[in-house]
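# Observations on chain architecture
Listed here are the chains, written in short residue letters.
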Amino acid sequence: MKRILTIQDISCFGKCSLTVALPILSSMGIETAILPTAVLSTHTLFKGFTCKDLSDQLKPITDHWKNEGITFDAIYTGYLGTEEEIDTVINIIDMFRDKDTLVFVDPAMGDNGKLYAAFNEHYAKKNADLCAIADIADPNITEAAYLTGLPYKEEYTEDYVKELLFALADIGTKTPILTGVSLAEGKTGAMGYDAGKNEFFIYQNDRIPKSYHGTGDIFSSVLAGAFVLGKDRTSALKLAADYTANTIAETLKDPKDPWYGVNFEATIPQLVEAIKK
Ligand code: PXL
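Residues numbered from 1 in each chain as written. Predicted model: local features only at pLDDT ≥ 70, side-chain atom pairs only at ≥ 80, totals over all residues. Heavy atoms only, no water.

Quick look at the sheet that holds strand β11 (residues 199-206) now. The mixed open sheet is built from 9 strands, whose spatial order is β3-β2-β1-β4-β5-β8-β9-β10-β11. Of all the strands in the sheet, just β3 (51-53) and β11 have a single pairing partner and so form its edges. Sheet topology places strand β2 (residues 31-42) next to β3; 3 bridges connect them, and they run antiparallel. From the neighbouring strand, Leu40 faces β3, where its bridge partner is Cys51. Contacts between helix α6 (residues 158-171) and the sheet are confined to β9 (175-181), β10 (187-194) and β11, with β9 contributing the most and set at about 145 degrees to the helix. (Pairing = 2+ DSSP bridges. Helix = DSSP H or I, 4+ residues; strand = E, 2+ residues; numbered from the N terminus. Contact = heavy atoms within 4.5 Å. Axes fitted to C-alpha atoms, helices over the stretch in contact; angles between N-to-C directions.)

So this is what it looks like as C-alpha cells:
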C-alpha cells in the first residue's frame, strides 16, 4: 500500500484541509499520515475563529518518525499558517525525500483575486520557496499570480495561462498545474505544464455556476492521490476535476446547501469506483 504524509491545518468545523484530505486519501486506498500545523475552531471564512499554532510540535513529531525509520511515498502540503512554518515544512520535506518521493504542494492562500484573512503578500512570496522544491504544485489563478508577481486576471486567454505556468516552472516547480482554468464558455478545469518535457496537458468539464469553499482541497487531495497511485497526468486531472464537479452537483441537491463546504461524503463511493477504471 502506498503511504502519503499530508501537512496542513485541522479546521475542526467547516470541511477543508485535513478533514477533507484524510477521508479522501484513505478512501483511495492510500495510507495517510497527518501532520497538523494548527488547530482552528473553523476555517477562516467564519468570523471569530480560534487558532492554536502547532509549529513547535512539527520538529519533535517528525524527529520521532525519523528515529522509527518511517518513510513516505509522497508528501502533500496544503494550507500552512506562517512564513516560519513554511521553512519548517521545507526542512521536513528535505528530511524525508528520496529520489522516488513525490512532493505535491497546494499553496493554499487565496481565491477570486484575494488572499485569505490570515495572509499578506510577504507570506505569498514565501510560499514560492515551497513551490520551488515541488514536483507538482497546483495553485489557482489567484495563488499563481501572487506566487509569480504576474497580474491577476479574471478574463484571460490560453496565452495568459501558459505565461503563469512558465513563470511557475521558472520558480522551480517541475510540473505546475493551474486550477480553476476556463478556456471555453461554460467550461472549467485545469491545465498543467511538464517543464522537463516542455509539454502542456489540460482537462476541462462543464462549469457549474456556483462556487463553494473547500473545493480546492478536494481537488488537490484527489489529484495528489491519483499521482501517488501512478495514474497518468490526464487521467489524474480527469479524476480530480470530475469528482469535484460531481460533488458540487451533489451539494446543489441539498436543500440546506452548506456554504462552508461541499457534501463530498456523499460522492466518495463514486470516487472509489472511478479509481478502478
Ligand atoms: O480550504 C483552504 C483552507 C484551509 N484551511 C483554513 C482555511 C482555508 C481557506 O479559507 O481558512 C484554515
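Right, let's get into the site of the ligand. Around the ligand, a shell composed of Asp9, Ser11, Cys16, Ser17, Leu40, His43, Thr44, Leu45, Tyr79, Tyr116, His213 and Asp217 is seen. In the model, an oxygen atom of the ligand is placed 2.6 Å from a nitrogen or oxygen of the Thr44 side chain. At 2.7 Å, a side-chain N or O of Asp217 approaches an oxygen atom of the ligand. Computed on the free molecule, the ligand has an accessible area of 310 Å², of which 98% lies beneath the protein chains in the complex. (Near = heavy atom within 4 Å. Polar contact = N/O pair within 3.5 Å; in protein donor to acceptor, adjacent residues only side chain to side chain. Areas by Shrake-Rupley, 256 points an atom, 1.4 Å probe, with all protein chains shown as cover.)

This part takes up the side chain of Thr148. You can see Thr148 is positioned in helix α5 (residues 141-148). One polar contact links the side chain of Thr148 to the main-chain amide nitrogen of Leu150, over a distance of 3.2 Å. Apart from residues lying up to four places away in sequence, Thr148 is in contact with Lys125, Leu164, Ala167, Leu168 and Ile171.

Summed over all chains, the structure comprises 16 salt bridges. A salt bridge links Asp63 to Lys59; its shortest N-O distance comes to 3.0 Å. Highlighted residues: Asp63 and Lys59, both in helix α2 (residues 55-67), separated by 4 residues, approximately one helical turn. Using a relative accessible area of 28% as the deciding quantity, one classes Asp63 as partly exposed. Several salt bridges share partner residues, and in doing so they unite Asp87, Lys126 and Asp129 into one network. (Salt bridge = Lys/Arg side-chain N within 4 Å of Asp/Glu carboxyl O. Buried < 20%, exposed > 50% of the residue type's maximum accessible area, 1.4 Å probe, protein only.)

Another point: the nonpolar core. Within the largest apolar cluster, 43 residues are counted, with the highest numbers of intra-cluster contacts made by Leu5, Ile7, Leu130 and Leu178. Ignoring sequence-local partners within four residues, the contact set of Leu178 consists of Pro139, Asn140, Ile141, Ala144, Val161, Leu164, Leu165, Leu168, Gly189, Ala190 and Met191. Judged by nonpolar contacts, the second largest core, of 37 residues, contains Ile4, Ala74, Ala241 and Val262. (Core = buried A, V, L, I, M, F, W, Y, C linked by side-chain atoms within 4.5 Å.)

This part takes up the packing of aromatic side chains. By the definition in use, this model includes 16 aromatic pairs. With a centroid separation of 6.0 Å and an interplanar angle of 85 degrees, the aromatic rings of Trp259 and Tyr260 are classed as edge-to-face. Members of the aromatic cluster, connected to one another through ring pairs, are Phe13, Phe46, Trp259 and Tyr260. Positioned over the ring face of Phe200 is Lys162, at 4.7 Å from the centre of the ring. (Phe/Tyr/Trp six-rings, centres within 6.5 Å; stacked < 30°, edge-to-face > 60°. Lys NZ or Arg CZ within 6 Å of the ring centre and 35° of its normal.)

With that settled, consider the layout of surface pockets. A volume near 230 Å³ is recorded for the second largest pocket. For the second largest pocket, the full set of lining residues is Lys231, Ser235, Lys238, Leu239, Asp242, Tyr243, Asn246, Gln270, Leu271, Ala274 and Lys277. Secondary-structure elements contributing two or more residues to the lining of the second largest pocket are α8 (233-252) and α9 (264-276). The element that contributes the greatest number of residues to the lining of the second largest pocket is α8, accounting for 6 residues. Residue composition of the lining of the second largest pocket, by class: 4 nonpolar, 3 polar and 4 charged. (1 Å grid on protein atoms, 1.4 Å probe; cavity = no way out; pocket = protein on both sides within 12 Å on 5 of 7 lines; lining within 4 Å. Points joined across faces, edges and corners; volume = space filled by probe spheres on them. Nonpolar A, V, L, I, M, F, W, Y, C, P; charged D, E, K, R; others polar.)

Everything listed here is a matter of coordinates, which is why it stays silent on function.
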